[in-house]
Structure formats: structure tokens, C-alpha cells
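Understanding the architecture of this molecule
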Amino acid sequence: GQSLEQPSEVTAVEGAIVQINCTYQTSGFYGLSWYQQHDGGAPTFLSYNALDGLEETGRFSSFLSRSDSYGYLLLQELQMKDSASYFCAVRGAGSYQLTFGKGTKLSVIP
Amino acid sequence: EAQVTQNPRYLITVTGKKLTVTCSQNMNHEYMSWYRQDPGLGLRQIYYSMNVEVTDKGDVPEGYKVSRKEKRNFPLILESPSPNQTSLYFCASSLGPLSTDTQYFGPGTRLTVL
């Protein structure tokens, strides 16, 4: 099976940079995804890494190290609207299921 | 507009009264899935479907049934709901079984079982 660990809460200042880490254990590995969920809303897809390295999408970047079973989501130039929960998720090799971490609640303060 | 819809959005019911939560997508996606979300537990998969008439159990299937008679619809059935099924439910879809990393979620159904 798969398991993921990510911090439960992170607080950061508006305009700053924040990194949300995710470590995973999985039997086989296909890729690591990140989703954002605002309070009362549905999860929305942010980014996906199948290979080692950094993927950049605007203010958001996601990093993966397959050898360390580790990834992170980097949010730059934080805005108040970035306050949300962020979930990492993995798909094991040969699996059609996406297993989610328990989520990190990011609070952006002025 | 490409979307996943769920109905109802909110439901309060009593123990043992059968209910169905509908899910529909207009993106011609092959893969559809149901999740439940509980505080501190994240999103847990209940059932998924890789195509019409092909369904499989997720991590927490007990007490739930699904069917996939049409590509666009994937209803979740609770034959005899119990209070421990009180939760926030999300339906999701993706292009195909090999694209499940990128899923599109419906708005959610908040279910309370008394």
C-alpha cells in the first residue's frame, strides 16, 4: 500500500515563500501530485511530477526526488488567497488509485 | 463548461434509509471515483471505475455500492446508511486510468446520518 506524511499546519507571511514537504512510502511509484482545497471547496489539481526535478507553474513549483521518496510544493510571493489546504498524492506503479496525504493547512498572514 | 456535478449537495437522513448520491461528468472521461473526506483523515477512496461496467473497491468500500452503466454517470449508493458514514463526499473523474494523477473533482456532498 501507500502512505504519505506531510505537516498538518504551516503559517507564512504574505509575500514570502513557503515550502510544504511530503514524504511517501509506496510499493512501486508512478508519480506525485499536488492538490489545493479552499475551505468549503473541492480539491483542484496543481501539479504533477513523475521524474526527479522541479516543475514550475507560475508562482507554484513542485519538486520530486524519487531516490529519497520525497517531494515538496513551493509557493512564492504568497497571497492571502493561497490560504488553503494542500494535499500530496501518489499513484503506485501498476495502480489506478491515487492515495492522498492528510493535507497541510496553510495560513497566510498579513 | 467542463465539469463534474453531484447531487444533492447537502443531505440529512436517518439510519437505515437507502440513499443515492449522483455524479455526472461532461468531459467524456473514462475514469471516475468516489472519495470521502473526514477531518484529520484526508481524502480516502471508496470505489473507482475505469470504464462502463468496470468498477473496483478503493480503500474504504464497506457500506457503499456503485454502478457505471453509462460513461458520464457514477452514482454512489448507501443501502443502509449508518452514523459513521456522516462525511463529505467527492466524486472525481480523469481522462483515463493512466491519468488518475490529474483528477477533476465535483463540488462535494455533505451527508449527515442521524
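Figured I'd write up the structure that's included with this text. If you're wondering where the values come from, they're calculated on a predicted model, not measured in any experiment.

Here's the deal with the overall build of chain B
When its secondary structure is counted, chain B shows 0 helices and 11 strands. The secondary structure elements of chain B, listed N-terminal to C-terminal, are β-β-β-β-β-β-β-β-β-β-β. At 13 Å, chain B has a C-alpha radius of gyration in line with the 13 Å of a compact globule built from 114 residues. In terms of overall dimensions, chain B has C-alpha extents of about 35 × 30 × 25 Å along its principal axes. Contacts spanning at least 24 positions in sequence make up 55% of the contacts within chain B whose residues lie at least 6 apart. Element-wise, carbon and sulfur atoms account for 52% of the exposed surface of chain B, whose accessible area totals about 5300 Å². In chain B, 12 positive and 10 negative side-chain charges are present, and the distance between their average locations comes to 7 Å.

Some points on the sheet that holds strand S8 (residues 76–78) of chain B
Remark on secondary structure: sheet strands pair via backbone hydrogen bonds, oriented parallel or antiparallel. All names here are of chain B. Overall, antiparallel pairing links the 4 strands, which are arranged S1-S3-S8-S7 in an open sheet. This sheet does not close on itself; its edge strands, each paired only once, are strand S1 (4–7) and strand S7 (65–66). In this structure, strand S3 (residues 19–25) lies alongside S8, joined through 3 bridges in antiparallel fashion. The partner of Leu 19 across the bridge, within S8, is Leu 78.

With respect to the interface of chain A and chain B
Each side of the interface is counted separately: chain A has 19 residues, and chain B has 23 residues. A combined buried area of about 1700 Å² lies between chain A and chain B, and 53% of that area is made up of carbon and sulfur atoms. Its largest share of buried area at the contact with chain B, chain A owes to Tyr 96, Gln 97 and Phe 100 of chain A, together 36% of the area lost on that side. Connecting chain A to chain B are 0 salt bridges. The tally of links from chain A across to chain B stands at 3 residue pairs in polar contact (both at pLDDT 80 or more). Those elements that provide at least two residues to the side of chain A that touches chain B are strand S4 (31–37), strand S5 (44–49), strand S9 (84–91) and strand S10 (99–100) of chain A. In terms of residue count, the dominant contributor to the side of chain A that touches chain B is S4 of chain A (4 residues). Here the side of chain A that touches chain B is composed, by residue class, of 10 nonpolar, 7 polar and 2 charged.

A word on the state of the cysteines
Following the criterion strictly, the structure yields 2 disulfides over all chains and no others. Covalent S-S linkage joins Cys 22 of chain A and Cys 88 of chain A, the inter-sulfur distance amounting to 2.2 Å. What sets the handedness of the Cys 22 of chain A and Cys 88 of chain A disulfide is the S-S torsion sign, and at about 75 degrees it is right-handed. With Cys 22 of chain A in strand S3 (residues 18–26) and Cys 88 of chain A in strand S9, this residue pair connects regions lying 66 residues apart in the sequence. What makes Cys 22 of chain A buried here is its relative accessible area of 0%. The exposure class of Cys 88 of chain A is buried, given its relative accessible area of 0%. Across the disulfide, Cys 23 of chain B is cross-linked to Cys 91 of chain B (sulfur-sulfur distance 1.8 Å). Across the S-S bond linking Cys 23 of chain B and Cys 91 of chain B, the dihedral sits near -70 degrees, which makes this disulfide left-handed. Taken as a pair, Cys 23 of chain B in strand S3 and Cys 91 of chain B in strand S9 (residues 87–94) lie far apart in primary sequence, 68 residues in all.

About the criteria used
- Residues numbered from 1 in each chain as written.
- Chains lettered and ligands numbered in written order.
- Predicted model: local features only at pLDDT ≥ 70, side-chain atom pairs only at ≥ 80, totals over all residues.
- Heavy atoms only, no water.
- Helix = DSSP H or I, 4+ residues; strand = E, 2+ residues; numbered from the N terminus.
- Rg over C-alpha atoms; globule rule 2.2 N^0.38 Å.
- Contact = heavy atoms within 4.5 Å.
- Areas by Shrake-Rupley, 256 points an atom, 1.4 Å probe, with all protein chains shown as cover.
- Lys, Arg positive; Asp, Glu negative; His and termini not counted.
- Charge placed at Lys NZ, Arg CZ, Asp CG, Glu CD.
- Pairing = 2+ DSSP bridges.
- Buried area = accessible area lost by both parts, 1.4 Å probe.
- Salt bridge = Lys/Arg side-chain N within 4 Å of Asp/Glu carboxyl O.
- Polar contact = N/O pair within 3.5 Å; in protein donor to acceptor, adjacent residues only side chain to side chain.
- Nonpolar A, V, L, I, M, F, W, Y, C, P; charged D, E, K, R; others polar.
- Disulfide = S-S within 2.5 Å.
- Buried < 20%, exposed > 50% of the residue type's maximum accessible area, 1.4 Å probe, protein only.

Read these as spatial facts, not as claims about activity.
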